[in-house]
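What the coordinates show
Below, each chain spelled out in residue letters.
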Amino acid sequence: MLLNTETKTIQEKLAGYCRTGEPVEIPGVKHDRLHNYRRLVFNVINSTIQQAYPITREWLPDEEWQYLVNEFFKKHDAQTPQVWKLPFEFYQFISNNHYADELNKPALNDLLWFEWLEIEVHTMPDQIIPDYRSKGNLSSDKLVINPHLVLTKLTYPIHKMGGNEAALHEGLYFILIYRQKDTGNVRFMEISALHVFVIEELLKSPWSIEQLLPDISSLFGLDDYQTLSQHLFHFCSDILDKQILLGYTN
Amino acid sequence: MKTSIGIGFRRDFANEFLTNQKFTPDFIEFAPENWMNMGGYWKNILDQVAERFPVTCHGLSLSIGSPDELDWSFLKELKQFLKHYQVEIYSEHLSYTKAANAHLYDLLPVPFRLDAINHIVNRIRQVQDYLERPLVLENVSYYTPVAAEMDEITFIDEIVNQSDCHLLLDVNNVYVNAFNHGYDAREFIRQMPLNKVAYIHMAGHEKVAPDLIIDTHGQAIIDPVYELFDYTLSLMQPVPVLLERDFNIPETDALIMEMKQLKTIATKHWEVHHATKH
């Protein structure tokens, strides 16, 4: 490397000061101005994370929020060159280092994850959408699903209540987060394990409800084909209205 | 050559680019990092805007002055992005944003030192070779010298001349630095390698203390910066000029007025003057 060790160390000292605020000795530096760099860098990090997690920000008291952002700023080496992806690293840092336990906020990780997934779905690269017809037979035609979605499971129902209350309802919640084809808006819905199976199968390949019935019946131990068929019909009709299903194919 | 006045494309007023018939910049500029690998609503908007206006890109995370290694996977994605949007000019900052394996997402000043020049020149050459285009580097504002062994103008001049990169002359940054460090802005401009300037940035700033200005891009351009711009153009051949406004976005009419004022000054030097010569 053409850069001297001394110059490299000076550059790292300045960057380190920005992250920690701990005093550094750098030749020629005007100490009464150095704090501006820390302030500017911190503002970028803080505002980026705050914009990504508005619900978390509103939920946590100011001192807890500032504590988490400061911990992240000081201890985490930000890896992405794209600052809008930094909130994902924030989620990983908080969840890997057990801050939810430390702050006694059991639902914290789920809420951060959910808020990040909304961004991820909103911005996920455009996928190729296969040809489909908008009219068809919901029971017998193969169904084409909107690929711009993610499935996730939560331990706390932060998608329908505040973080403190959600902590009282520990369980298993399956959430489908999707991007509407026409508007690009992101929506979500809570679904069952059976619905998760249906969505996962449709993501692999178009299937009709009739084709899916045997596997679902076997996997979930549901022998009443008629009731199961009606249930799937209603579910698929609902997600067709919501643009999660786009239409039909042969 | 027709004077070309552009503006930074920002999400805060993205729809104005598509719907406001009075808002007609000659070109737009955006940070590739804010749009790469993105689909959905914003990609759709970007595609429409890029279809309507010529595009330049002004990067944030290349970190050409960094002590860390160049990020080749980032450069690979960047190259594809620049090709996809047929970007005419790709510029970056003569600063660093990453050190000790951590991005900081703001522009830190590189020590004005000989080894830093050699290091940066070598990196510029690598980037230019890989991207197959000249790199255009902006003179950045800075608030304190850092272990300097030479003055700023020598540092910039050496890098531009040795690397054969181009210069993005930020006139506001020259004004800010001249104020913050007590030198003559016009003298500084005169010493810049003006024949290597690919385009010009103009922006507003904020005075946060009697002796300190921060380059915020959150205010209108002030008259002394217009005057410095006027002086600068008197020394230069025509290049595109870009208005930067990143925060505290005003009504679009105010931005239109600023672009109009830039165009009036540019036209005075570059159209009338050249017409008279011929």
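Below: a short report on this structure. From a predicted model like this one, the values you see are computed outputs, not experimental measurements. (Residues numbered from 1 in each chain as written. Chains lettered and ligands numbered in written order. Predicted model: local features only at pLDDT ≥ 70, side-chain atom pairs only at ≥ 80, totals over all residues. Heavy atoms only, no water.)

Time to look at the environment of A:Y53. Residue and element names in this part refer to chain A. The topology assignment puts Y53 in the loop between α2 (31–52) and α3 (54–59). Separated by 60 residues in sequence, Y53 and W113 place their C-alpha atoms 9.5 Å apart. Among all residues touching Y53, those that are not within four sequence positions of it are W65, P87, F88, F90, Y91, L112, E115 and W116. (Helix = DSSP H or I, 4+ residues; strand = E, 2+ residues; numbered from the N terminus. Contact = heavy atoms within 4.5 Å.)

Counting residues in hydrophobic clusters, the biggest one holds 149 residues, and the most contacted among them are B:F9, B:L169, B:I200 and B:M202. Not counting residues within four places of it along the chain, the set of residues in contact with B:M202 comprises B:V171, B:I221, B:V225, B:Y226, B:F229, B:V241, B:L242, B:L243, B:E244 and B:L262. One finds A:I145, A:F197, A:L202 and A:I239 within the second-largest nonpolar core, a separate group that totals 27 residues. (Core = buried A, V, L, I, M, F, W, Y, C linked by side-chain atoms within 4.5 Å. Buried < 20%, exposed > 50% of the residue type's maximum accessible area, 1.4 Å probe, protein only.)

Before going further, it helps to examine the sheet that holds strand β9 (residues 197–203) of chain B. Residues and elements named next belong to chain B. A barrel is described by the order of its strands in space; here 8 strands give the closed sequence β1-β2-β3-β4-β7-β8-β9-β12, paired in parallel fashion. Mean inter-strand twist for the sheet, computed between neighbouring axes without regard to direction, equals 30°. Pairing of strand β7 (residues 136–138) with strand β8 (residues 166–170) involves 3 bridges; the strand directions are parallel. From the neighbouring strand, V136 faces β8, where its bridge partner is H166. (Pairing = 2+ DSSP bridges. Axes fitted to C-alpha atoms, helices over the stretch in contact; angles between N-to-C directions.)

A separate point is the packing of helix α1 (residues 5–20) of chain A against helix α4 (residues 62–75) of chain A. All names here are of chain A. Interhelical geometry of α1 versus α4 gives an angle of 165° and a closest axis separation of 8 Å. Overall, the two elements α1 and α4 adopt an arrangement that is roughly antiparallel. For α1 against α4, the interelement crossing comes out left-handed. When α1 is examined against α4, the residues C18, R19 and T20 are found in contact with a partner set consisting of F73, K74 and K75. Class assignment for the residues of the contact of α1 with α4 results in 2 nonpolar, 1 polar and 3 charged. (Parallel < 35°, antiparallel > 145°, perpendicular 65-115°, else oblique. Left-handed = near helix turned anticlockwise from the far one by under 90°. Nonpolar A, V, L, I, M, F, W, Y, C, P; charged D, E, K, R; others polar.)

Another aspect to go through is the pattern of salt bridges. Following the criterion strictly, the structure yields 22 salt bridges over all chains and no others. In this structure, the salt-bridge partner of B:R113 is B:E149, at a minimum N-O distance of 3.5 Å. Of this pair, B:R113 sits in the loop between β6 (102–108) and α4 (114–131) while B:E149 sits in the loop between β7 and α5 (152–163), and the two are 36 residues apart along the sequence. Salt bridges sharing common partners tie together A:E6, B:R113 and B:E149. (Salt bridge = Lys/Arg side-chain N within 4 Å of Asp/Glu carboxyl O.)

Right, let's get into the interface of chain B and chain A. With 50 residues of chain B in contact, the opposing surface of chain A contributes 46 residues. For the pair chain B and chain A, the summed buried surface comes to about 4,000 Å²; carbon and sulfur atoms form 59% of the total. For A:E6, the salt bridge is made with B:R113, and the minimal N-O distance between the two is 3.3 Å. The tally of links between chain B and chain A comes to 22 residue pairs in polar contact (both at pLDDT 80 or more). When contributions to the side of chain B that touches chain A are tallied by element, the ones reaching two or more residues are α2 (40–52), α3 (72–84), β5 (96–99), β6, α4, α6 (171–181) and β11 (212–214) of chain B. Grouping the amino acids of the side of chain B that touches chain A by side-chain chemistry returns 25 nonpolar, 16 polar and 9 charged. (Buried area = accessible area lost by both parts, 1.4 Å probe. Polar contact = N/O pair within 3.5 Å; in protein donor to acceptor, adjacent residues only side chain to side chain.)

As a further point, take the side chain of B:D170. Residues and elements named next belong to chain B. By secondary structure assignment, the location of D170 is in strand β8. Buried charge D170 goes without a salt bridge, the closest partner of opposite sign being R10 at 10.0 Å. Here N172 takes part through its backbone nitrogen, which lies 3.1 Å from a polar atom of the side chain of D170. Contacts of D170, omitting those with residues within four sequence positions, involve E138, N139, H201 and E244. (Lys, Arg positive; Asp, Glu negative; His and termini not counted.)

Geometric values such as these leave the question of function open.
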